[in-house]
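# Survey of secondary and tertiary structure
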Amino acid sequence: MSVLDLARPELRAMQPYSSARMEASGGQVFLNANESAWVPVGDDGLGCNRYPEPQPAALVDALTTLYGVRGEQLLVGRGSDEVIDLLVRAFCNAGRDAILIQPPTFGMYAVCARVQGATVVEAPLAADFTLDVDAVLAALTPAVKLVFVCTPNNPAGLAAPRAAIERLVRALSGRALLVVDEAYVEFADEGSVVDLIDRHDNLAVLRTLSKAWALAGARIGSLLANAEVIALLRRIMAPYPLPLPCVDAALRALSGPGQANARERIGIVRAQRVRMQQALRELPGVREVLPSQANFLAVRFDDAGATYQRLLAAGIVVRDVRRYPGLGNALRITIGTPEENARVLAVLASDRVLA
Ligand SMILES: *Cc1c(COP(=O)(O)O)cnc(C)c1O
């Protein structure tokens, strides 16, 4: 069986939209797409009067080199958020199919499923927030087409061991596509599982430039998967998903100097993560700092609501994650610059009660 047997059959038969940009080859005078013949004011050499390439070759090249995959194994979209949505739309029939998630986890999987009319099956993470492969397999039904694993996990911060991912993808073979969201993997001790896509056609890996690459504003996310899955998603994606200024920003971030800069910042974040873990554990009102492989810490407080308000009154905005199962007394604090982190510690160490 092909992994595409899990996808919506009508999409495999559908004639995709064919854009002017896709049909064009060669030529110097472009009168085929009703674009303006003139560049806009302030264009700066980008050529924004023209539609962009649907999958810009230079960006695809840079990303395949970065992630260690072949061109036909990569789809680049407007952030992983768009790629998650495309996966759900390609694999889940409204009113019939389902996705499986492990709460607490990233919210977009369930949101995309609900917009599509797919059911959300939940198999919670273990009490210590590690991936529970047996619980996933026990909760699996024939309706489940996609299983999402977020590692390192957002919002808890732990990473799933590679052996657990391997066991899960093997068990799901022929039954569901395993989508491993590695939005924070650059900050983790253990590397990506992307090398496994050559061996498992039911494995897909999400990567993003939004976190470690400091490009959340450019919206560049990738799906790395079997070539057939990528080809299917290319048939249903938006005709021109990637704005030229965003592609340009990504190419600069992925240049030699850009990569050196990103590596340096990742080192700073990892060092600051250790410093914050140690310092937070010493503070009054802090019950537990969860271990983290990401660029944030989930921290349990005696009174998370009051702590949130106290930080806010000092101008510091953190994420209230109390609505997530198992995190009823926790806040999620992103690792900032050393100065920003020191401010967090200073506010928490002070006895002032502002709220
Ligand atoms: C931030 C985040 C994303 C979003 O990535 P974009 O590429 O910015 O859309 C995806 N998954 C997880 C787990 C995240 O925390």
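Residues numbered from 1 in each chain as written. Predicted model: local features only at pLDDT ≥ 70, side-chain atom pairs only at ≥ 80, totals over all residues. Heavy atoms only, no water.

### Describing the site of the ligand
Stated precisely, the cut-off is as follows: Nearness is judged by heavy atoms alone; a residue qualifies as near a molecule or strand once a single heavy atom is within 4 Å of it. Any N or O atom pair separated by 3.5 Å or less is treated as a polar contact, with the protein-specific requirement of one donor-capable and one acceptor-capable atom, and with residues adjacent in sequence counted only for side-chain atom pairs. Each accessible area is a Shrake-Rupley result for a 1.4 Å probe, and residues are judged covered by the shown protein chains and nothing else. A helix here means a DSSP run of H or I that spans at least four residues, while a strand means a run of E at least two residues long, and both kinds are numbered starting from the N terminus.
Neighbouring the ligand are 13 residues, the closest being S80, D181, T208, S210 and K211. T208 is positioned such that a nitrogen or oxygen atom in its side chain is 2.5 Å from an oxygen atom of the ligand. One of the side-chain nitrogen or oxygen atoms of R219 is found 2.7 Å away from an oxygen atom of the ligand. Computed on the free molecule, the ligand has an accessible area of 380 Å², of which 94% lies beneath the protein chains in the complex. Here the shell around the ligand takes 3 residues from helix α4 (residues 79-91), the largest share from any one element.

### Focus: the UniProt feature "modified residue: N6-(pyridoxal phosphate)lysine" (unreviewed entry) in the chain
Put simply, the test is: UniProt positions are given in the numbering used here, feature names are shortened, and annotations may be inferred rather than shown by experiment. Per-residue accessibility, obtained with a 1.4 Å probe over protein chains only, is compared with the maximum for each type, and a residue is labelled buried under 20%, exposed over 50%, and partly exposed between these values. Pairs of residues are marked as contacts when any of their non-hydrogen atoms sit within 4.5 Å.
In the numbering adopted here, UniProt assigns the feature "modified residue: N6-(pyridoxal phosphate)lysine" (unreviewed entry) to K211. Along the chain, K211 falls in the loop between β6 (203-208) and β7 (221-225). Its relative accessible area of 31% is what places K211 among the partly exposed residues. Apart from residues lying up to four places away in sequence, K211 is in contact with A183, Y184 and F187. Side-chain polar atoms of K211 contact the side chain of Y184, separated by 3.2 Å.

### Focus: the packing of aromatic side chains
Defined as follows: Note on aromatic pairs: the rings of Phe, Tyr and Trp (six-membered ring only in Trp) are paired at centre separations within 6.5 Å, and the planes decide the class, stacked below 30 degrees, edge-to-face beyond 60, tilted for the rest. Our definition puts a charge over a ring when NZ of Lys or CZ of Arg is within 6 Å of the ring centre and also within 35 degrees of the ring normal.
Per the stated rule, a full pass over the model turns up 4 aromatic pairs. Relative to Y109, the ring of F106 lies with its centre 5.5 Å away and its plane at 75°, an arrangement referred to as edge-to-face. Looking at F106, the relative accessible area reads 23%, which means it is partly exposed. A connected cluster of aromatic rings, assembled from ring pairs, spans F106, Y109 and F148. Above the face of the F296 ring, R332 is positioned so that its terminal group lies 5.6 Å from the ring centre.

### Examining the sheet that holds β7
Within a beta sheet, neighbouring strands are joined by backbone hydrogen bonds and run either parallel or antiparallel to one another. How we decide: By the convention used here, strands pair only if DSSP detects at least 2 bridges between them. To get an axis, fit a line to the C-alpha atoms, keeping to the stretch in contact for a helix; angles then go from 0 to 180 degrees between the N-to-C directions.
Sheet architecture is open: 7 strands sit in the order β1-β7-β6-β5-β4-β2-β3, paired in mixed fashion. In this open sheet, the two strands that pair with only one neighbour each are β1 (74-77) and β3 (119-122). Averaged over all neighbouring strand pairs, the angle between strand axes comes to 25°, with direction disregarded. For strand β2 (residues 98-101) and β3, the ladder comprises 4 bridges, and the chain directions are parallel. By the bridge assignment, I99 is partnered in β3 with V120. Contacts between α4 and the sheet are confined to β1, β2, β4 (144-150), β5 (177-181), β6 and β7, with β4 contributing the most and set at about 160° to the helix. Seen against the sheet, helix α7 (residues 162-172) touches β4, β5 and β6 and runs at an angle of roughly 155° to β5.

### So, helix α10 (residues 256-281)
This is how it is decided: Here the expected span of a helix is defined as 1.5 Å times the quantity of residues minus one.
Across its 26 residues, α10 extends 38 Å between first and last C-alpha, which sits within 8% of the 38 Å expected from 1.5 Å per residue. Buried within α10 we find G258, A262, I266, V269, Q272, R273, M276, Q277 and L280. Looking at the buried positions of α10, the neighbouring elements they touch are α9 (244-253), β8 (286-289), β9 (296-301) and α12 (338-349).

### Observations regarding the nonpolar core
Using the following cut-off: What is meant by a nonpolar core is a set of buried Ala, Val, Leu, Ile, Met, Phe, Trp, Tyr and Cys residues, joined one to another through side-chain atoms within 4.5 Å. Each domain's extent is set by a domain assignment, obtained either automatically or from a database.
Within the largest apolar cluster, 74 residues are counted, with the highest numbers of intra-cluster contacts made by L59, V147, L178, L209, I220 and L280. Shared between two domains, this core holds at least three residues of each, these being domain 1 (3-19 + 54-254) and domain 2 (258-349). Listed in part, the 37 residues of the second largest apolar core include L6, A118, L146 and L233.

### Overview of the side chain of R8
By the secondary structure assignment, R8 is in the segment before α1 (9-13). The class for R8 is buried, based on a relative accessible area of 17%. A distance of 2.8 Å separates the side chain of R8 from the backbone oxygen of R89, its partner in a polar contact.

### As for the UniProt feature "domain: Aminotransferase class I/classII large" (unreviewed entry) in the chain
Residues given the UniProt feature "domain: Aminotransferase class I/classII large" (unreviewed entry) here are residues 47-347. The span residues 47-347 is 39% helical and 17% strand by assignment, and the distance between its end C-alpha atoms comes to 48 Å.

### Description of the environment of I316
With respect to the helices and strands, I316 occurs in the loop between α11 (304-313) and β10 (319-320). The spacing of I316 and V347 is 31 residues in sequence and 9.2 Å in space, taken between C-alpha atoms. Among residues more than four places away in sequence, those in contact with I316 are L311, R343, V344 and V347.

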